[in-house]
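Per-entry structural report
If you want the building blocks of each chain, they are given just below.
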Amino acid sequence: MTDRVIGIDLGGTNIKAGVVDLEGKVVQSGSIPSEVDKGREAVVKNICHAAEKVMKDAGVKPDRIKGVGLGVPGTLDLEAGVILFSPNLPCLNEAPIRDLVSEQLGVPVVLENDANAAAWGEKWVGAGKGAHSLVMFTLGTGIGGGIIINDEIVHGSNDVAGELGHQTILWNGEKCACGNIGCVERYASCPGMVRRMKAAIARGEPSRLIGDFEAADITRAAQAGDETARRIVEETGRMLGTVATNMMHILNPEMIIFAGGMIAAGGFLLTPILDEVKKRAFEASKKGCRIVFAELGGDAGLIGAAGCALKAAGGK
Ligand SMILES: [Zn+2]
């Protein structure tokens, strides 16, 4: 009987793997270094090793595994099972990763972009449970995203849909790392927020923050009453509310979910998001659309990857 799926969240530093049951509960999980500097063969070996280790730790034999879902940061050719380009895993560019891992493990492997996988995880058992159509923004070093419409991840014609962070928020704004101008990622990602905070301090605005600090320090300062930090977080929320409105107008989802470390800011971030949506969105788009924070934290990627494997195997 096959009653388990494996989810793998492949990152530039670590590989997280988990044995997940058919209800989306993580039975066993673990993490090992990716060892990107050792080259393609080593990384593939580590992916397989991570999967085998969690199976062993959970006491689950391969004949119980329905499939493996592999979440990868980067652009993919899903039909061919190939990673086209991954900035954090350059040794895997052009690698036929799906078949390499499947051959070594002896079970079917499904490839998915990591942000899409995380969105699927939230839909399966997290904040989006029960929804059929949702958009999820993941706020971190960049702004990633996943779009699910009518229970299907939207991949687009070329498997590169869902680049939510690279929608333009200022048509004549600053240049983004992607080459576009004025992307929301440039302003509302963690580094974007830090840059705006440092600019405010340089202009002489009062703040308890000095020297080098991270986005989490800004949200903590905001919570502790630092007015400048509070304004920077609020403006971040307003930008995110603006792009959430874009998604509502274009896609009419049931839910918009925000994920990533930044949501630790709580109401300081969510309130301006909701205010901005209230100001901007069509009544019909707002009707029935819930805007919430994610629930699965750092496990969303591996749970979602497992969910993609289950779906591919004909499960939920
Ligand atoms: Zn961009």
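Here the residue index of a chain counts from 1 through its sequence in written order. In keeping with the predicted nature of the model, local features appear solely for residues at pLDDT of at least 70, side-chain atom pairs appear and are counted solely at 80 or more, and the whole-chain, interface and lining totals rest on all residues. The basis for the side-chain values is all heavy atoms of the structure; hydrogens and waters are excluded.

1. Some words on the domain arrangement of the chain
Residue ranges for the domains originate in an automatic or database domain assignment. Assigned domains within the chain: domain 1 (4-121 + 299-312) and domain 2 (130-295). On a C-alpha basis, the centroid separation for the pair domain 1 and domain 2 is 28 Å. Contacts are assigned to residue pairs that have any heavy atoms within 4.5 Å of one another. Of the residues lining the interface, 13 residues belong to domain 1; the matching set on domain 2 comes to 14 residues. For the pair domain 1 and domain 2, the summed buried area comes to about 1000 Å², and 60% of that belongs to carbon and sulfur atoms. Three residues, Asn116, Ala119 and Trp120, lead the burial of domain 1 against domain 2; their summed loss comes to 44% of the area buried on that side. Here, a salt bridge means any side-chain nitrogen of Lys or Arg that lies within 4 Å of a carboxyl oxygen of Asp or Glu. Summed over the shared surface of domain 1 and domain 2, the result is one salt bridge. Computed with a 1.4 Å rolling probe, the buried area is the accessible surface lost when two parts are put together, summed over both parts.

2. Thoughts on the packing of helix H3 (residues 114-125) against helix H10 (residues 300-312)
Note on method: axes are straight lines fitted to C-alpha atoms, helices fitted across the in-contact stretch only, with angles between N-to-C directions ranging 0 to 180 degrees. For the purposes of this entry, the term helix denotes a DSSP run of H or I that reaches at least four residues, the term strand denotes a run of E that reaches at least two, and both are numbered from the N terminus. Running from N to C, H3 and H10 point in directions that differ by 80 degrees, and their axes come no closer than 7 Å. Considering the angle they form, H3 stands roughly perpendicular to H10. Where H3 abuts H10, its residues Ala117, Ala118, Trp120, Gly121, Glu122, Trp124 and Val125 lie against Ala300, Gly301, Ile303, Gly304, Ala305, Ala306, Gly307, Cys308, Leu310 and Lys311. We call two directions roughly parallel when the angle between them is under 35 degrees, roughly antiparallel when it is over 145, roughly perpendicular when it lies between 65 and 115, and oblique otherwise.

3. Considering the sheet that holds strand S11 (residues 255-259)
For two strands to be treated as a pair, DSSP must find at least two bridges joining them. If you trace the five strands from one edge of the open sheet to the other, you get S10-S9-S8-S11-S12, paired in mixed fashion. In this open sheet, the two edge strands, each paired with only one partner strand, are strand S10 (152-153) and strand S12 (290-293). One ladder, built from six bridges, connects strand S8 (residues 134-139) with strand S9 (residues 143-149); its direction is antiparallel. Paired with Leu134 across the bridge in S9 is Ile148. Docked against the sheet, H3 engages S8, S9, S10 and S11, running at close to 55 degrees with respect to S9. Taken strand by strand, helix H7 (residues 227-251) contacts S8, S9, S11 and S12, and its axis lies near 155 degrees from that of S8.

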